[in-house]
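# Close look at the chain arrangement
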Amino acid sequence: MENLHKSVMIKEIISFLPLTKSINVIDATFGGGGYSKTILEKFNVNQLLAIDRDPISKIFAKEIESKFSNFTLINDKFSRIEEIVNNTNFKNKKFDIILFDIGTSSNQIDNAQRGFSLKKSGPLDMRMGSSDKNAYDIINKYEEKNLADIIYQYGEERYSRVIAKEIVKNRKIKFINDTIELSNIIKKCLPKKNLLKNKIHPATKTFQAIRIYVNDELNELKTSLEKTLKILNKDGLILVVSFQSLEDRIVKDFFNHNSGKRWRSSRHYPELPDILATQLKIITKKPILPSASEILENPRSRSAKLRVAQKI
Ligand SMILES: C[S@@+](CC[C@H](N)C(=O)[O-])C[C@H]1O[C@@H](n2cnc3c(N)ncnc32)[C@H](O)[C@@H]1O
């Protein structure tokens, strides 16, 4: 299987890694293995533990496994990062670098059978790995209000109610089976002027919402970030690349709250009861964005934001 994923902001990522020191690394979102491979080739790596919930990651790990004995891939969710460390040879190890490159890889999006693409016909699935939910059940079985709430909450789609109504109307005639079918239903719900004005596909936000909900992506991220604090070495770095504002806010809040600030990214979030113990120092005051040339070469990188913090 060919690796279709182009790693995002790899130059920026590796610019934070120490060149001479021997390091233990976790690549929590192995994907096609681009980050892992580069780090193993260029740095003095003691051990690199890679994690990915998608079983296809095992295919891309084969070449790396054959070249590097200090590389291990575990096919699991990163919300179990601490358990993974403690249930393997890594028990009681601490890490110098923990990387997250959140979201889906091109190997997932470009395979129409996975149901992530709104431009290619495929089944409504959207599971990144094992999950007790799938897109078909949500689209065809959830109550209209529940569906609208999901589309609003995880897609920040202002036409969520209209879209949910239209989905329910259509599925009464015939179950919605296919990604293009769903995408065409959504397209009808947006005002014509929006279709002309917006550069993004009209179904993008709804597809994002369903995918986040199917894979419980925001809770995965929150849980995992909390656990990294227990397995990071002093001076160790957490680096997170995110691709949409909901994830970026989680990262920003997590870094802020653990570096002694009470600040919230949204006034709608509950006030923090206390200032938490200071465990992190924020390295990137503002997120680092991909260069214009990277965006040109890999348009999927355009919404990426990299944030870095250091354990103190
Ligand atoms: C953007 S890709 C990573 C690409 C990788 N950095 C590279 O260079 O090839 C994101 C990967 O994270 C995985 N992933 C997303 N959420 C996850 C989770 N909660 N637990 C484990 N893996 C996850 C996806 O399956 C996907 O393979």
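Residues numbered from 1 in each chain as written. Predicted model: local features only at pLDDT ≥ 70, side-chain atom pairs only at ≥ 80, totals over all residues.

Attention now moves to the overall build of the protein chain. Counting its regular elements, the protein chain contains 14 helices and seven strands. Against the 2.2 N^0.38 benchmark of 20 Å for 312 residues, the protein chain shows a C-alpha radius of gyration of 20 Å, consistent with a compact globule. Overall, the protein chain is about 60 × 50 × 40 Å in size when its C-alpha atoms are taken along their principal axes. Within the span of the protein chain, comprising 312 residues, buried residues form 43% of the whole. (Helix = DSSP H or I, 4+ residues; strand = E, 2+ residues; numbered from the N terminus. Rg over C-alpha atoms; globule rule 2.2 N^0.38 Å. Buried ≥ 20, exposed ≤ 12 C-beta atoms within 10 Å, placed from the backbone.)

So, on to the sheet that holds strand β6 (residues 280-282). With respect to topology, seven strands assemble into an open sheet ordered β3-β2-β1-β4-β5-β7-β6, the strand pairing being mixed. Two strands in the sheet have a free side with no partner beyond their single neighbour: β3 (71-75) and β6. Between one strand axis and the next, the sheet turns by 20 degrees as a mean value, whatever way the strands run. Sheet analysis places β6 next to strand β7 (residues 305-311), joined by three bridges and oriented antiparallel. Of the residues in β7, the one forming a bridge with I282 is A309. Of the strands in this sheet, β4 (95-101) and β5 (232-242) are in contact with helix α12 (residues 217-231), which crosses β5 at around 155 degrees. The sheet contacts of helix α13 (residues 245-257) involve β5, β6 and β7, and relative to β7 the element is tilted by about 20 degrees. (Pairing = 2+ DSSP bridges. Axes fitted to C-alpha atoms, helices over the stretch in contact; angles between N-to-C directions. Contact = placed C-beta atoms within 7 Å.)

Our focus in this paragraph is the environment of Q108. With respect to the helices and strands, Q108 occurs in helix α5 (residues 106-109). Considering only alpha carbons, one finds Q108 and I56, 52 residues apart in sequence, at a separation of 8.9 Å. Residues within four places of Q108 in sequence aside, it is in contact with D54, R114, F116 and M128.

Turning our attention to the domain arrangement of the protein chain. For the protein chain, the domain assignment lists domain 1 (10-107 + 217-311) and domain 2 (132-215). Taken together, the contact between domain 1 and domain 2 spans four residues of the former and four residues of the latter. Class assignment of the residues belonging to the side of domain 1 that touches domain 2 gives a composition of two nonpolar, one polar and one charged. (Domains from an automatic or database assignment. Nonpolar A, V, L, I, M, F, W, Y, C, P; charged D, E, K, R; others polar.)

Before going further, it helps to spend a moment on helix α3 (residues 57-67). When α3 is considered as a whole, its buried residues turn out to be S57, F60 and A61. One face of α3 carries all of its buried residues, which in axial projection span an arc of 100 degrees. For α3, exposure combined with an orientation more than 90 degrees from the buried face picks out K62, E63 and S66. Against the buried residues of α3 lie β2 (45-52) and β3. (Arc of directions from axis to C-beta.)

Turning next to the nonpolar core. I26, I51 and L99 are the most contacted members of the largest nonpolar core, which totals 50 residues. Judged by nonpolar contacts, the second largest core, of 27 residues, contains L147, A164, I186 and C189. (Core = buried A, V, L, I, M, F, W, Y, C linked by C-beta atoms within 7 Å.)

Attention now moves to the site of the ligand. What surrounds the ligand is a group of 22 residues, the closest being S7, T29, G31, G32 and G34. Elements with a minimum of two residues in the shell around the ligand: α2 (34-42) and β2. Counted by class, the shell around the ligand contains four nonpolar, 12 polar and six charged residues. (Near = placed C-beta within 6 Å.)

The phi dihedral of N92 falls on the positive side, at around 65 degrees, and the residue is not glycine. Locating N92 in the fold gives a position in the loop between α4 (81-86) and β4. Judged by the 7 C-beta atoms lying within 10 Å of it, N92 falls in the exposed class.

Let us now look at the packing of helix α7 (residues 144-155) against helix α11 (residues 204-215). Interhelical geometry of α7 versus α11 gives an angle of 95 degrees and a closest axis separation of 8 Å. The angle between the axes of α7 and α11 places the two elements in the roughly perpendicular class. Contacts from I150, I151, Y154 and G155 of α7 reach α11 at K205, T206, Q208, A209, I210, I212 and Y213. Residues belonging to the contact of α7 with α11 are distributed by class as follows: seven nonpolar, three polar and one charged. (Parallel < 35°, antiparallel > 145°, perpendicular 65-115°, else oblique.)

Further remarks concern α2. G34, Y35, S36, K37 and I39 are the residues of α2 that are buried. Check the buried side of α2 and you find it contacts α1 (10-14), β1 (23-27), β2, α3, β3 and β4.

On to the pairing of β3, then. Relative to β3, β2 runs parallel, the two sharing five bridges. Looking across to β3, one finds that L49 is bridged to T72. Remark: the β2/α3/β3 crossover connection has right-handed handedness. (Right-handed = clockwise from strand over helix to strand, strands pointing away.)

Bringing the packing of α12 against α13 into the picture now. Two quantities define a packed helix pair, namely the angle between the axes and the distance from one axis to the other. Running from N to C, α12 and α13 point in directions that differ by 20 degrees, and their axes come no closer than 10 Å. Considering the angle they form, α12 stands roughly parallel to α13. Relative to α13, α12 is oriented so that their crossing is right-handed. Touching L218, L221, K222 and L225 of α12 are L246, E247, I250 and F254, all from α13. Looking at the contact of α12 with α13 residue by residue, the class counts come to six nonpolar, no polar and two charged. (Left-handed = near helix turned anticlockwise from the far one by under 90°.)

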